[in-house]
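# Observations on the model geometry
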Protein chains: 2
Amino acid sequence: MSSSPLIDRRHLDFMLYELLRVDSLTGYARYAEHSRETFDAAIELAHQLAVSKFLPHNRKSDLHEPHMVDGKVELIPEIGEGLRAFNEAGFMAVLADYDDGGMQLPFVIGAVCDCMFSAANPSTVAYPALARGAANLLEAYGDEQQKRLYMKPIVDGRYYGTMCLSEPQAGSSLADIKTVAEPQADGSYRLSGAKMWISAGDHELGENIVHLVLAKIPGGPAGVRGISLFIVPRWRVDDDGVRTQRNDVRLAGLNHKMGQRGSVNTFLKFGEAGDCHGYLVGEPHQGLSYMFHMMNEERIGVGLGAVQQGSMAYLYSLQYARERHQGRHPDQKDPGSAPVALIEHADVRRMLLQQKCWVEGAQALGFYTALLVDQGRDPDETVRNESHLLLDLLTPIIKAWGSDYSLKANELAIQILGGYGYTREYPVEQCYRDNRINPIHEGTNGIQALDLLGRKAMMHNGAALKLLLREIGLTCADAGSLPELSALAAQLQAGAKLAGETTLAVGRRMAAGEVRLALANAGHYMTLLGHLTIAWLWLRQAAIAQRALAGANAADTAFYLGKLQACRFFFATELPQIELAARLVGEAEPSAYEMRAEWF
Amino acid sequence: MSSSPLIDRRHLDFMLYELLRVDSLTGYARYAEHSRETFDAAIELAHQLAVSKFLPHNRKSDLHEPHMVDGKVELIPEIGEGLRAFNEAGFMAVLADYDDGGMQLPFVIGAVCDCMFSAANPSTVAYPALARGAANLLEAYGDEQQKRLYMKPIVDGRYYGTMCLSEPQAGSSLADIKTVAEPQADGSYRLSGAKMWISAGDHELGENIVHLVLAKIPGGPAGVRGISLFIVPRWRVDDDGVRTQRNDVRLAGLNHKMGQRGSVNTFLKFGEAGDCHGYLVGEPHQGLSYMFHMMNEERIGVGLGAVQQGSMAYLYSLQYARERHQGRHPDQKDPGSAPVALIEHADVRRMLLQQKCWVEGAQALGFYTALLVDQGRDPDETVRNESHLLLDLLTPIIKAWGSDYSLKANELAIQILGGYGYTREYPVEQCYRDNRINPIHEGTNGIQALDLLGRKAMMHNGAALKLLLREIGLTCADAGSLPELSALAAQLQAGAKLAGETTLAVGRRMAAGEVRLALANAGHYMTLLGHLTIAWLWLRQAAIAQRALAGANAADTAFYLGKLQACRFFFATELPQIELAARLVGEAEPSAYEMRAEWF
């Protein structure tokens, strides 16, 4: 595999095999038949398909967004063609057992494959991603008939799927959903309600769409404890899976988005005619826990998808800055001298290095988090437990920090291209627009921050955070033994101490009953723990690079020196930002909290 | 005048009459016939026209961008209708003498009027803004015939104008432009070359378009010292101003932008047929100094225009956060309790307060800078000189800081609206897209930072910076006498000291010949001086608010408390960021500077 617009291959190899050593997963019985070669083959196949079948229509689907014709959604044909190739190559079943026709790959390798598609075309990949999410949920919680009728056709690429959570009046607040499911004598339910922001909610790509809908059974508990999960097929099917008639689900409208225009986003009405058939998944009132089981992996996907947009624009702006010659250095007064490449300008180089730090740092976190999913199935119980804890803690960080900073990276890519960057003739403004949804959906980043500080950092008496700080301490000890990195190791160790102390201060305030004030600066806590985690992963990368320098060839030497320089840049310009963040959180700085609505 | 989507009227009054006391300009002979009432009447007229004639087609012109039909540019008709109303109301001549049919208003009041239009519709306002810029330039440097033939029809609203600087190979680097002007026997010139990014470069809004074109006369000095300025009319005219024939200027293409889609952006070719007539303005080789004379005021306009997009989205998200009820506080477990307004959530309030700080802070700076233009014509020579110095120093800050932070504010407005903010059914994503050009055009913000650190802060042995620090010191002494603000005053004074020391450190490094390294962190210096300046203006606002609290009515009390709270928020969360910025600049942190192209 060579480098391409989608990927810096040397960097990916470094991530997977030097930093994360994902080939060690072949020691698990489930992956015993795999090897670095088979991992690479899957990634290469995804890469080729992404370049040939997803990338070419990325701009076209931005220009020609889905629209309704006679109540049906029309998409450009390239989306369906790309998805057929995706299905035929087996990417709907990348994680599935060999026996089920799957590739039986580790989660982390599946995530890398997904990255190829989401880099190439984040809109088109939304259709199979949602379908796969629905299939996974049914795999975990559906009964045998539900798996046969609704899961299997998704894995086979015949059906698609959705997740129907939000309602117009309750975007992030699932406690307030109003969709109702009335039990029927035959064990099925009749649903009525409206769902908003449903991606892939209606289209003609497959034979059917399996909506997974959150709704309330009358008489159940109030709030989130009374939410159940239902299968609501677009077409009802008989016991043999043959389509019988359209279910009472109506496409009530399309949302017109800033970006990701190729993925149709819908407003759906269920049961307007009183005949919307739904089928309970699992137990009543357990719907949210089922959904969150998937949501956590979705959040890793959102973070990694965001990072891919960051990476695409970074690589594009890097190439542009190498090729475009313009201007001179501030001390070059001779107008007869040749203009220098943009990359030679200090501020352009700063913008490139900043992108590299954010994007490669977040990518390391994303792949590491994905690896934790796999390590959560380790034969060793301690490894399993620790992986679960770390995964819980890091999931809101990859989702929120990954999407926030990859978006900031997109900003810089546009800036490097200047006026060209502002035009739709160049791809970077679309990267920004496509990426802008990621801090919003699957739980806004504000909600992620509350989850991180109020729940994940505190859970089990801070066990997950202690584990992270222990891992950071191990890296500091290791990197600290290298003279070139000892100062950075000391800086990181001090940051870890600060994070621990700050968390304790919040915990004390919460214990004293000042919950709202204690959590008011959760966003700054996300900066604190996010920057600390990314700095940790950069120091791990730097230690590997430092050791590999001796004996490296010229190309590898340049690559490793770049890693070391990016680490130094992050520690000099980014990591110090945690000091202010920690102070605001630790002291519960109250100015926003105490501001009153009427003072604005 | 009441509040509207365009403006918080109470805030504007505070800016103009409590903070800046612009009514004192009526003490100048030129404005003796004006009063607060006439200022307000002009602003109100602009406001009414902006709401009735500019705002209604802001979204339509985003959806229906200009396109070429048979070589002509087609715009939606509302643009022409809006501009007719603008011209008829006299806003092309808002600053002009009474004798010339103008309103003879101060620059700062003209800027406030412009803000109404640019808030309502930043694309449509581009046409008159560019035309007025061209007219002002001809007023200053054109000869009598040029004024009669090309300036007067612009002021009368019959002609439009452009500024043709950039070329495809030389966006920001004017030293490298290649357009050539060959002198002819009759004193005119024949131009040939290509100009890129020309806003309002072709359209049918008026009878003619006056292109002001930078070009090189063969045999002149190399680089920027060999640039001359030419009038190149789209239609040639005879001595009576009657159109004779089309000049050899061809619309070669349109750029399709991320935002500001209503203002046509063109690629123009001059002299393809060898018959492009141009007329020298002023002296040969002085073109860039003429253009920069206008450019400085344009940069204030860009900064203020950016701030208006920040303000529009802020006000919209504020209203949305007041009206939309969703979710509960983290310690509210009862799902039966009513959802709270978004504004009650700590993180939403933080995002609103952050927008308020950035937007109102930058607006204060923009209006203050505009006032300095007026004070540059003060009868007192010392006032004039000091105003010029401060204006020179603050212009890159309002341009760069204003556009950077108003764009960050737009980010937050989108986030507050959540999924709705991501759709084109709501206005905030367009604010972001329209605003995204402002850090790029009229000199990228990277160039502004180099201008600020390498030139403005250093000029006349640091005279301008000393003046700013003196003004900050006066405010600190004043606010420090108020017990409620003394800690903030001390914090600001320490920041001013830090800025002074940091600048000296850069000066020493430059004097030692390390110019490139010394300027490599210019972007961080922009943060340092920008945050310091905005903090200064916030402390001035806070001191006024603190004193006005006694005896204020309920509405004013809430308003002043909001100002005080915003000041505290800025000093707690934003101002401390200058410490890291100062360290990076002062120590010439080298990691980006030393990064090599081949290491990426």
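Keep in mind that this is a model prediction, so the values were computed, not measured. (Residues numbered from 1 in each chain as written. Chains lettered and ligands numbered in written order. Predicted model: local features only at pLDDT ≥ 70, side-chain atom pairs only at ≥ 80, totals over all residues. Heavy atoms only, no water.)

### Details of the overall build of chain A
For chain A, the count of helices and strands is 19 helices and 12 strands. Computed over its C-alpha atoms, the radius of gyration of chain A comes to 25 Å, within 12% of the 25 Å expected for a compact globule of 600 residues. For chain A, the accessible area works out to roughly 20800 Å², and carbon and sulfur atoms hold 52% of it. Averaging the coordinates of the 57 positive side-chain charges in chain A and doing the same for the 70 negative ones gives two points 4 Å apart. (Helix = DSSP H or I, 4+ residues; strand = E, 2+ residues; numbered from the N terminus. Rg over C-alpha atoms; globule rule 2.2 N^0.38 Å. Areas by Shrake-Rupley, 256 points an atom, 1.4 Å probe, with all protein chains shown as cover. Lys, Arg positive; Asp, Glu negative; His and termini not counted. Charge placed at Lys NZ, Arg CZ, Asp CG, Glu CD.)

### Some thoughts on the pattern of salt bridges
For the structure shown, the criterion picks out 72 salt bridges over all chains. In this structure, A:Asp97 and A:Arg30 form a salt bridge, with 2.9 Å as the shortest nitrogen-oxygen distance. Of this pair, A:Asp97 sits in the loop between helix 4 (77–88) and helix 5 (107–120) while A:Arg30 sits in the loop between helix 1 (9–19) and helix 2 (36–54), and the two are 67 residues apart along the sequence. For A:Arg30, a relative accessible area of 32% translates into the label partly exposed. The partner of B:Glu411 in a salt bridge is A:Arg436, with the nearest N and O atoms 3.2 Å apart. (Salt bridge = Lys/Arg side-chain N within 4 Å of Asp/Glu carboxyl O. Buried < 20%, exposed > 50% of the residue type's maximum accessible area, 1.4 Å probe, protein only.)

### Thoughts on the side chain of B:Asp202
Residue and element names in this part refer to chain B. As for its placement among the helices and strands, Asp202 is situated in the loop between strand 5 (189–199) and strand 6 (208–216). Look at Asp202 and you get buried, because its relative accessible area is 5%. Among the polar contacts listed, one links the side chain of Asp202 to the side chain of Arg234, at a separation of 2.8 Å. The residues contacting Asp202, other than those within four sequence positions of it, are Gly71, Val73, Ile209, Arg234, Leu251, Val264 and Thr266. (Polar contact = N/O pair within 3.5 Å; in protein donor to acceptor, adjacent residues only side chain to side chain. Contact = heavy atoms within 4.5 Å.)

### Brief notes about the packing of helix 16 (residues 522–549) of chain A against helix 18 (residues 577–586) of chain A
Residue and element names in this part refer to chain A. Between helix 16 and helix 18, the least distance of the axes is 8 Å, while the angle of their chain directions is 140°. The way helix 16 lies across helix 18 gives a crossing that is left-handed. Touching His524, Tyr525, Thr527, Leu528, His531 and Leu532 of helix 16 are Gln577, Ile578, Ala581, Ala582, Leu584 and Val585, all from helix 18. A per-class count over the contact of helix 16 with helix 18 returns eight nonpolar, four polar and no charged. (Axes fitted to C-alpha atoms, helices over the stretch in contact; angles between N-to-C directions. Left-handed = near helix turned anticlockwise from the far one by under 90°. Nonpolar A, V, L, I, M, F, W, Y, C, P; charged D, E, K, R; others polar.)

### A short note on the relation of the copies chain B and chain A
Here chain B sits on chain A after a turn of 180° about the axis and a move of 0.0 Å along it, with an RMSD of 0.0 Å. The operation mapping one copy onto its partner corresponds to a two-fold rotation axis. Closest approach to the rotation axis among the C-alpha atoms of chain B is made by B:Gln577, whose C-alpha sits 4.0 Å away. Looking at the interface residues of chain B, 100% of them are also at the interface in chain A, so both copies use one shared face. (Least-squares fit on C-alpha atoms with pLDDT ≥ 70 in both.)

### Structural notes on unusual backbone geometry
Residue and element names in this part refer to chain B. Non-glycine residue Gln104 carries a positive phi angle of around 50°. The residue Gln104 is located in the loop between helix 4 (77–88) and helix 5 (107–120) in this model. The backbone of His285 shows a phi angle near 70°, a positive value even though the residue is not glycine. Relative to the elements of secondary structure, His285 occurs in the loop between strand 12 (277–280) and helix 8 (287–323).

### Examining the pairing of strand 6 of chain B
All names here are of chain B. The buried fraction of strand 6 is high, at nine of nine residues. Residues Asn208, Val210, Leu212, Leu214 and Lys216 of strand 6 are buried on one face, and the alternating residues Ile209, His211, Val213 and Ala215, pointing to the opposite face, are buried as well. Judged from the six bridges that link them, strand 3 (residues 159–164) and strand 6 form a sheet pairing that is parallel. Each residue of the ladder has a partner; that of Tyr159, found in strand 6, is Asn208. As paired elements, strand 6 and strand 7 (residues 227–233) share seven bridges and run antiparallel to each other. If you follow Leu212 over to strand 7, its bridge partner there is Ile231. (Pairing = 2+ DSSP bridges.)

### Here we look at the packing of aromatic side chains
Residue and element names in this part refer to chain A. Applying the stated criterion to the full structure yields 37 aromatic pairs over all chains. If you follow Arg36 out to its NZ or CZ, it ends over the ring of Tyr17, 3.8 Å from the centre. Sitting above the plane of the Tyr368 ring, Arg540 keeps its charged end 5.7 Å from the centroid. (Phe/Tyr/Trp six-rings, centres within 6.5 Å; stacked < 30°, edge-to-face > 60°. Lys NZ or Arg CZ within 6 Å of the ring centre and 35° of its normal.)

### Some words on the interface of chain B and chain A
Across the contact, 95 residues belong to chain B and 95 residues belong to chain A. At the boundary of chain B with chain A, total buried surface from both sides reaches about 8000 Å², with 58% on carbon and sulfur atoms. At the junction of chain B and chain A, the tally comes to eight salt bridges. The dominant element in the side of chain B that touches chain A, judged by the number of residues it contributes, is helix 17 (residues 554–574) of chain B, at eight residues. Looking at the side of chain B that touches chain A residue by residue, the class counts come to 42 nonpolar, 26 polar and 27 charged. (Buried area = accessible area lost by both parts, 1.4 Å probe.)

### As for the pairing of strand 5 (residues 189–199) of chain A
Residues and elements named next belong to chain A. By the criterion of burial, strand 5 is predominantly enclosed, with eight of the 11 residues buried. Examined bridge by bridge, strand 4 (residues 180–183) and strand 5 share four bridges and lie antiparallel to one another. Within strand 5, the residue paired with Pro183 across the bridge is Tyr189. In textbook terms, the turn of a hairpin is the stretch between consecutive antiparallel strands, and for strand 4 and strand 5 this stretch comprises five residues, one of which, Gly187, has a positive phi near 90°. Where strand 5 and strand 12 (residues 277–280) come together, two bridges link them in antiparallel fashion. Considered in strand 12, the bridge of Tyr189 is made with Gly278. Taken together, the five bridges between strand 5 and strand 11 (residues 265–270) define a ladder with antiparallel strand orientation. The residue bridging Ala194 from the neighbouring strand is Lys269, located in strand 11.

### Details of the UniProt feature "domain: Acyl-CoA dehydrogenase/oxidase N-terminal" (unreviewed entry) in chain A
The sites that UniProt annotates as "domain: Acyl-CoA dehydrogenase/oxidase N-terminal" (unreviewed entry) are residues 79–157 of chain A. For residues 79–157 of chain A, helix accounts for 66% and strand for 0%, while the C-alpha atoms at its two ends are 14 Å apart. (UniProt positions renumbered as here; feature names shortened; annotations may be inferred.)

### Remarks on the domain arrangement of chain A
Splitting chain A by domain gives domain 1 (9–124), domain 2 (160–285), domain 3 (286–442) and domain 4 (444–592). For domain 2 of chain A versus domain 4 of chain A, the separation of C-alpha centres amounts to 40 Å. (Domains from an automatic or database assignment.)

### Quick look at empty space enclosed by the protein
Tallied over the entire structure, the rule returns seven cavities of 30 Å³ or more. There is about 90 Å³ of room inside the largest cavity. Contributing to the lining of the largest cavity are A:Ile7, A:Asp8, A:His11, A:Ser311, A:Tyr314, A:Leu315, A:Leu318, A:Lys356, A:Val359, A:Glu360, A:Gln363 and B:Phe600. Of all the secondary-structure elements, those providing two or more residues to the lining of the largest cavity are helix 8 (287–323) and helix 9 (346–375) of chain A. A breakdown of the residues in the lining of the largest cavity according to their chemical character gives six nonpolar, three polar and three charged. (1 Å grid on protein atoms, 1.4 Å probe; cavity = no way out; pocket = protein on both sides within 12 Å on 5 of 7 lines; lining within 4 Å. Points joined across faces, edges and corners; volume = space filled by probe spheres on them.)

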